[in-house]
Amino acid sequence: VIQAIFAFVAGGGGARLVESKVSPGIMSDYDESVYDLAKDLLVEDGEKDIADYLSEGEGDDFNKLEPPSSLDESFPNTVVVGNLPKVGEAKTAKLMGVLNKLIDKFGPNEKHMPTNPETNETYGFVIVTFEDGECVAAAKQLNGMQLDKAHCFKVKSMDEFNEIADRPDEFIPQRTLNSFSRHDFRTWLSDKKCREQILLRYTKANVAETEIYWHDTMAGSPVLCYGGEAQKAAGKVWCDWRVHWSPQGSYVATFHQQGIALWAGPDFEKKMRLPMNNVQEIDFSPNEEFVLMWNGSHPSSDPDTAVAIFHILTGRCVRKCRTPMVTPGGGDFPHFLWSSDGKYLAEMTDSRILVRDTETWELIKDAEGAPLKFNNLSTFQWAPKGNVLAAWTLEKDNSHPARLVLVEIPSRAELASRSRTQCEAVMHWQSEGDYLCLQVTKLSKTGKRVSTNMEILRTREKQIPVDVVTVEDVVKGFFWEGQGKRFSVLTADELGHKPRLLIYVLGPEKCELICTFDLPSNSFNEVIWAPEGQNFVIASKSAAGGASSSGDLLFAGLTVDNKLEILHKDEHYMLTDVHWDPSSRYIITAVTQPFSTDQGGYKYSM
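Report follows, based on the coordinates.

Each value, and the rule that gives it
- Residues numbered from 1 in each chain as written.
- Predicted model: local features only at pLDDT ≥ 70, side-chain atom pairs only at ≥ 80, totals over all residues.
- Heavy atoms only, no water.
- Helix = DSSP H or I, 4+ residues; strand = E, 2+ residues; numbered from the N terminus.
- Buried < 20%, exposed > 50% of the residue type's maximum accessible area, 1.4 Å probe, protein only.
- Contact = heavy atoms within 4.5 Å.
- Phe/Tyr/Trp six-rings, centres within 6.5 Å; stacked < 30°, edge-to-face > 60°.
- Pairing = 2+ DSSP bridges.

Observations concerning the environment of Pro465
Mapped onto the fold, Pro465 is located in the loop between strand S32 (449–458) and strand S33 (466–471). When its relative accessible area of 31% is taken as the criterion, Pro465 is described as partly exposed. When the C-alpha atoms of Pro465 and Ala416 are compared, they prove to be 9.5 Å apart, with 49 residues separating the residues in sequence. Those residues in contact with Pro465 that sit more than four places away from it in its chain are Ile456, Leu457 and Arg458.

Here's what the structure looks like:
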């Protein structure tokens, strides 16, 4: 059954395709209708002269016609030699003479070096066609040859060149790794010796080493677990620049010029490569489903590619965007903050908080389509548990006081708010999200500090009641006990003398001071609580880029009845880092500094 009649008609600028449907009702008249319909179409198109030449015969049997010849578009004898100097007419003959000496030894050939008519210089490549196709493979030996300091030959066959030229402008990395299972990502938790793993990066004889050790108390020293042995055996580099654990310890992320690589499993096998040139910072979602990467670009540059977010299991880029103008915590990074369950990602401007759902990556808006709006927004934080945002806005004139606002996401319901005037404030969440401390420093009209109030919001209780603790001395630091109801405060007098440690506990009805301790030195500036509470270290740490510290250390703890015990005193000169292990059994003190290659550059490539 014929459904359509096609006729190529010569006319105008060339051939065109004419299509006409034949209804089943006229199929019985097919023999004459084909001729009549074709003729009518030509007449309607003003092609009456051509219609006179229309044949009434049946024509050839299409089944017996030879298939049309296909055009051979390959160039098996031709290569393109690129990355040549771009020279004018005066130097073209000299350059061609050099090329003749290098290329003619592979076999007879013809060369064509086109010239740009706008600049009257060559384009920087030459097309070489050999008489014998076998010469092409030999000529590729020139690939990578250094002509001079600025020019290194790139040799490709013409067929390869066309493929390269047809590539899309946006780079799409080829997936060389299949999707992977995470069944063995936590095998270290079942270690029979109950050991913890430590990740170290250091230099030895001017060679950077990245190594993972078992903290083996029975051996008396760390035991090497993996140090990139497989990569070293293959002549590769395991880590080019920096290295990070993921939040739950499932992955080790190594930095490379082309992006990051994720390693996992008992043998630390490469599971995924995520591309971003010159990546500077990364931030995993708490559930390890996504990783955010930033290339360090200023907000005014790279508007669409400065930030990239990848789905880890599939390696798919789910979102790209520019560098935001504001960072919630100050400094250069991070610009975005993850919610505790990884379901939401938030950023801020000077008047809005933009929250995205990580399932759709759409903004969470109100009924009118607007994001969260705050006047004179200063900063915000997610609760460590539960999708609650705490936002702090600054005082503006005398008509808009500074405000703390708690907002539930995704409902956007306002849970609580507090207003203050003539003050500075800092927010401190307790590790479980049960309490939020708003540390408010009252200021006089001249800007002088008057006193400090710790306003403790009981966020899990009905109507969110507030406890207020007033400290007359200068507050040097506020520190929550891990998973607990206690917090510590470091204070000093106006001159920085008489340093003291104050410890409070939140009872069922009020907040009480349970301990005071006069510190032996005013250099102590931080309290590091164990993740599970009870024990803590008071340390004298060097600030980033600041003066060296004395490294004084006090190891202490609180008994069940809130009695302070000083367990040990030590010193680690120029101390910069103090870290508890997740089980609260061990603690590391260290002096660290950036590598010479850590100033935004890479020594190797992936």
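Regarding the packing of aromatic side chains
Under the criterion given, the structure shown has 16 aromatic pairs. Consider the rings of Phe290 and Trp361, whose centres lie 5.3 Å apart with planes at 85 degrees: the pair is edge-to-face. Pair noted here: Phe290 is in strand S19 (residues 290–294) and Trp361 is in the loop between strand S24 (352–357) and strand S25 (372–373), with a separation of 71 residues, a long-range link. Neither Phe290 nor Trp361 differs from the other in exposure class; each is buried. A centroid spacing of 5.2 Å and a plane angle of 15 degrees characterise the contact between Phe487 and Tyr504, whose relative ring orientation is stacked. Of this pair, Phe487 sits in strand S35 (residues 486–492) while Tyr504 sits in strand S36 (residues 500–506), and the two are 17 residues apart along the sequence.

So, unusual backbone geometry
Cis rather than trans, the peptide bond between Phe333 and Pro334 has omega equal to 5 degrees. Tracing the backbone through its elements, the reader meets Pro334 in the loop between strand S21 (316–321) and strand S22 (337–338). A cis amide bond, omega 15 degrees, links Ile409 with the succeeding residue Pro410. Topologically, Pro410 is positioned in the loop between strand S28 (402–408) and strand S29 (414–420). Positive phi, normally seen in glycine, also occurs at Gln463, with a value near 65 degrees. With respect to the helices and strands, the residue Gln463 is situated in the loop between S32 and S33.

Quick notes on the sheet that holds S25
Strand pairing in a sheet relies on backbone hydrogen bonds. The paired strands run either parallel or antiparallel. Read across the open sheet, the 4 strands follow the order S22-S23-S24-S25; overall the sheet is antiparallel. The open sheet has two edge strands with one neighbour each: S22 and S25. Sheet analysis places strand S23 (residues 344–348) next to S24, joined by 5 bridges and oriented antiparallel. Within S24, the residue paired with Leu345 across the bridge is Arg356.

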